[in-house]
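Notes for the structure review
Listed below, chain by chain, are the residues.
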Amino acid sequence: MAVEEEGLRVFQSVKIKIGEAKNIPPYPGPNRMRDCYCTVNLDQEEVFRTKIVEKSLCPFYGEDFYCEIPRSFRHLSFYIFDRDVFRRDSSIGKVAVKKEDLQKYHGKDTWFQLQPVSADSEVQGKVHLELRLSEVITDSGVIIHKLATRVLECQGLPIVNGQCDPYAAVSLLGPSRSDAKKTKVKRKTNNPQFDEVFYFEVTRPLSYTRRQFDVEEEDVDKLALRVDLWNASNLKFGDEFLGGVRVPLRVLGQFGVHDAWYFLQPRENGGKSVKVEELGSLRLNIVYTEDHVFPSEHYTPLRDLLLYSPNVEPVSASTANILGEVCREKQEAAIPLVRLFLHYGKIVPFISAIAHAEVNRTQDPNTIFRGNSLTSKCIDETMKLAGMHYLQVTLKPIIDEICTEHKPCEIDPVKLKESENLDTNRENLRQYVDRIFNVITTSGVRCPTVMCDIFFSLRESAATRFQVDQDVRYTAVSSFIFLRFFAPAILSPNLFHLRPHHPDPATSRTLTLISKTIQTLGSLAKSKSANFKESYMAAFYDYFNEQKYADAVKNFLDLISTSGKWDQKSIETPIMLKEGFMIKRAQGRNRFGMKNFKKRWFRLTNHEFTYHKTKGEGALCSIPIENILAVERLEEESFKMKNMFQVIQPERALYIQANNCVEARDWIDILTKVSQCNRKRLSTYHPSAYLNGHWLCCKFSADTAPGCTPCTGGLPANIQLDVDGDRETERIYSLYSTYMTKLIKMQEACGSKSVYDGPEQEEYSTFVIDDPQETYKTLKQIVSAVQTLEQQHTKYKRDKFKKTKIGSQEHPIGDSFQSYIRQQSESSTYSI
């Protein structure tokens, strides 16, 4: 989701690798071991949870998480929880990284010390305060100073135990005083509107003249205002602290007025004193990205250069290929390039051009496409994007079965458990390999068209280059479809969205053995047994040393590398796309039925959207995909509940609450994509609910009244492909900007090659330059386009800084008054 900023869209995303924890404090009992899991949170909102690692004080997770961040946030937090024998979860420690500090750790493996977790330290949200110091004449004619404190509102308070009933406690603190007052409690909202004013007597005068004010008790500079937010609780343990701010009265300055938003802070000295090293540490790799995307016309020069790449002769001199040459890792160039070319329908000519050039540089047919070249990375990325649905249809049912059954499949005699039988294990493994091999080699008609067209191009280039080798037409394709698509998906199903988490060690070992066998079966190598270092794998492979397996692979490869356009066949077996618990509002089918909220297990397949009382039970309700007319967010005010969306059907809308903002967006996205081709899709909808006889949004009384707001669904699209061309061009610009010194060095290399026709100079030998003149010309155009965009970014930053007001709703005052003073001084000295 993009945040609009005066013609500019801002996208946030984060990619996290949760590595391992170490030195977790032992459980205070005879067992001492813990069953730990880790969560990822945006502030206090959990958006991801790892699997539980049992009986360990140094749990290894090895899990990856990526998400588009759909809202503003202050901290990216990680919590380690322990699940005890009673299935109660207790927090051990946390890592909280401020948003502005994320760049410090960008792409680096970092060990973070776990910090203590207490109710007093778990805060989020902001508060809007207005302070005014004024002179007041008392009834006796004496003039005193009074402070008027107006608590206007709060935003984004945490929800405690499923609710938030906040109130504010306001105190004036000084060396010899502490006056406290409270607002009214606001029920069922984490964005309360208070708008209450409290008065505090600040000073008492000994004598008064119009020119001088003498303070008897205390100086204003020694006083501070304290505002604490609390959640009113009916529990005997008392109200829960939600956060607070301390505002020194010296902010009032000479005018005696201060109006600002503040981030809420933890309670001072809250929680017990714990030595940080006693809680252990957590290894993380965090990549946080913020894309500032301008209107489309700003990207035209660079985008045109990129999209023209397939037509450049030689292709090594093209804009896209040069990006691959200057980036540190080919992968970082491949991701935005593939998405851009896919978006504009030019991925096949682009990959065909760079693949043809790579084939012509290859000397040995046995090493074709075996390196981590730009071609290999681009094809990998295309298969991930265009082939994800194909992968789910083909592999997910059998992978789910393997992960659920837990059949023993270990065939290494050294690793065999005492209770296991080697022959039984071999037979279990053989059956799994056979079934996976069959589902793969019979799936050719479902292979996406774009993949078939790319494979056709690879086959033709390889067959033309190595005419003597009859098998090269197969190995050129199998090196991708088996080696880099099916085999990795079997090995790590969580990375390909086939499973939510990395499998347990025993299942992971089974998948490793299956993956190695499938990879070898697909490779069509001359001597299969030689491919295995382990003798037990070579012996196991004898089961498959039959011609029928080689024939099945060749037939499959012939089918998917045919230039003909294969239509997506209708799939009779329902394929599960997403499932999980959410809360739904009862639809009130019975006349006197209660329309309350209930937790249900939701399941989406390519055929229907259903919900069940719990996982595994029969469906309570089934909505055919063709009956989904729109999927849209539901305004929070409808039911005073966050993260709600609506699935609109012909008769009514189903109102659903997801567990967090990321999950809500994911459900909306996949439901929208799977129903986008429905002929009766709506063009308008009601963003609020129909309650008490009328629509809350437009106030129409008829429940059949047409929608008052345009739908956001967009045009029909591939279920797994939703690309923003301008955002990808912005990412490519950022890469060119990052590697500008390499672009300049490549220009120097072109000049050197043009005038010096001899052995390559070592400092320039890293670049592939087939035509120095053409490459230099392209480089000049790239630098010009990048510099133009750089000017646009600089202007935006300068204008934004000028408009930034510290203490505004968009930029609340941070951790302390001192930081506010520092921010103010920085803004006064800022210059471009």
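As a starting point, this report considers the structure included with it. All figures in this text were calculated on a predicted structure; none of them were measured in a lab.

Cut-offs applied
- Residues numbered from 1 in each chain as written.
- Predicted model: local features only at pLDDT ≥ 70, side-chain atom pairs only at ≥ 80, totals over all residues.
- Heavy atoms only, no water.
- Helix = DSSP H or I, 4+ residues; strand = E, 2+ residues; numbered from the N terminus.
- Buried < 20%, exposed > 50% of the residue type's maximum accessible area, 1.4 Å probe, protein only.
- Contact = heavy atoms within 4.5 Å.
- Areas by Shrake-Rupley, 256 points an atom, 1.4 Å probe, with all protein chains shown as cover.
- Core = buried A, V, L, I, M, F, W, Y, C linked by side-chain atoms within 4.5 Å.
- Pairing = 2+ DSSP bridges.
- Axes fitted to C-alpha atoms, helices over the stretch in contact; angles between N-to-C directions.
- Disulfide = S-S within 2.5 Å.
- Phe/Tyr/Trp six-rings, centres within 6.5 Å; stacked < 30°, edge-to-face > 60°.
- Lys NZ or Arg CZ within 6 Å of the ring centre and 35° of its normal.
- Expected span 1.5 Å × (residues − 1).
- Polar contact = N/O pair within 3.5 Å; in protein donor to acceptor, adjacent residues only side chain to side chain.
- Salt bridge = Lys/Arg side-chain N within 4 Å of Asp/Glu carboxyl O.

In terms of helices and strands, the protein carries 17 helices and 30 strands. Here the protein holds 832 residues, and 50% of them are scored as buried. Residue pairs at least 24 apart in sequence account for 67% of intrachain contacts in the protein once pairs closer than 6 positions are excluded. For the protein, the computed accessible surface area is about 40900 Å², with 49% contributed by carbon and sulfur atoms.

This part covers the nonpolar core. Side chains that are nonpolar tend, in soluble globular proteins, to be buried together. Leu337, Leu395, Ile436, Phe455, Ile481, Ile518 and Leu557 are the most contacted members of the largest nonpolar core, which has 115 residues in total. With eleven residues, the top contributor of residues to this core is helix α9 (residues 472-491). Excluding residues that lie within four positions of it along the chain, Leu337 makes contacts with Leu306, Ala320, Leu323, Phe350, Leu374 and Ile732. Core analysis: the second largest hydrophobic core is formed by 34 residues, Leu57, Ile69, Leu76 and Leu279 among them.

Right, let's get into the sheet that holds strand β7 (residues 89-98). Spatial strand order, β4-β3-β6-β7: four strands in an open sheet with antiparallel pairing. The open sheet has two free edges, formed respectively by β4 (45-49) and β7, since each of these has just one partner strand. Strand after strand, the sheet turns through a mean of 30° between neighbouring axes, direction not considered. Relative to strand β6 (residues 75-83), strand β3 (residues 36-42) is paired through seven bridges, and the arrangement is antiparallel. Considered in β6, the bridge of Tyr37 is made with Phe81.

So, about the state of the cysteines. In total, this model carries zero disulfides according to the counting rule given. Cys661 takes part in no disulfide bond, and the closest cysteine sulfur, belonging to Cys67, lies 7.5 Å away. The class of Cys661 is buried, set by a relative accessible area of 7%.

Moving on to the packing of aromatic side chains. Enumeration over the complete set of coordinates arrives at 27 aromatic pairs. Ring centres of Phe48 and Phe65 lie 4.7 Å apart, and the angle between their planes is 20°; on these two criteria the pair is classed as stacked. In this pair, Phe48 is assigned in strand β4 and Phe65 in strand β5 (residues 60-69), connecting sequence segments 17 residues apart. Residue classification places Phe65 among the buried positions, given a relative accessible area of 9%. Aromatic pair Tyr390 and Phe486: ring centres 5.9 Å apart, planes at 70°, arrangement edge-to-face. One end of the pair, Tyr390, is in helix α6 (residues 388-405); the other, Phe486, is in helix α9, and 96 residues separate them in sequence. For the pair formed by Tyr390 and Phe486, the shared burial category is buried. Ring-pair connections join several aromatic residues into one group, and the members of that group are Phe437, Phe540, Tyr541, Tyr543, Phe544 and Tyr549. Residue placement shows Lys181 over the ring face of Phe200; its charged tip is 4.9 Å from the ring centre. It is Lys384 that lies over the ring of Phe496; its NZ or CZ is 5.9 Å from the centre.

The end-to-end C-alpha distance of helix α13 (residues 661-674), which contains 14 residues, comes to 20 Å, matching closely the 20 Å that a straight helix rising 1.5 Å per residue would cover. Taking burial as the measure, the 14 residues of α13 include twelve buried ones, the bulk of the element. All buried positions along α13 are accounted for by Cys661, Val662, Glu663, Ala664, Arg665, Trp667, Ile668, Ile670, Leu671, Thr672, Lys673 and Val674.

Let's shift gears to the pairing of strand β10 (residues 143-155). A large share of β10 lies buried, amounting to ten of its 13 residues. Examined bridge by bridge, strand β9 (residues 126-137) and β10 share twelve bridges and lie antiparallel to one another. Counterpart to Ser134 in the pairing with β10 is Lys146. Between β9 and the antiparallel strand that follows it, β10, lie five residues; Gly141 among them carries a positive phi value of about 90°.

Right, let's get into the sheet that holds strand β26 (residues 653-657). Spatially, the seven strands line up as an open sheet ordered β23-β22-β21-β20-β26-β25-β24, and their pairing is antiparallel. Of all the strands in the sheet, just β23 (619-624) and β24 (630-633) have a single pairing partner and so form its edges. Neighbouring strand axes in the sheet, compared pairwise and without regard to direction, differ in orientation by 35° on average. In terms of strand pairing, strand β20 (residues 576-585) meets β26 through two bridges, oriented antiparallel. Looking at β26, one finds that Ile583 is bridged to Gln657. The strands touched by α13 are β20, β21 (597-605), β22 (608-612), β24 and β25 (644-648); relative to β20, the strand with the most contacts, the crossing angle is about 120°.

So, about the side chain of Gln12. Considering the arrangement of structural elements, one finds Gln12 in strand β2 (residues 8-22). A distance of 3.1 Å separates the side chain of Gln12 from the backbone oxygen of Arg71, its partner in a polar contact. When near neighbours in sequence (up to four residues on either side) are disregarded, Gln12 contacts Glu68, Ile69, Arg71, Ser72, Phe73, Lys99, Tyr288, Thr289 and Glu290.

Attention now moves to unusual backbone geometry. The linkage connecting Glu313 with the following residue, Pro314, adopts the cis geometry, with an omega of -10°. Structurally, Pro314 is set in the loop between α1 (300-307) and α2 (319-326). With a phi close to 60°, Asn23 is a non-glycine residue in the positive phi region. For Asn23, the location among the structural elements is in the loop between β2 and β3. Backbone geometry places His406, a non-glycine residue, at a positive phi of 55°. Counting through the fold element by element, His406 comes out in the loop between α6 and α7 (422-441).

In this structure the tally under the stated criterion is 44 salt bridges. Measuring nitrogen to oxygen at the nearest pair gives 2.8 Å for the salt bridge that ties Arg430 to Glu427. Here Arg430 pairs with Glu427, and both are found in helix α7, just three residues apart, close to one helical turn. Note on Arg430: relative accessible area 21%, which makes it partly exposed. Its relative accessible area of 30% is what places Glu427 among the partly exposed residues. Shared partners join several salt bridges into a network, and the residues in it are Glu68, Asp291, Arg339, Arg727, Glu728 and Arg731.

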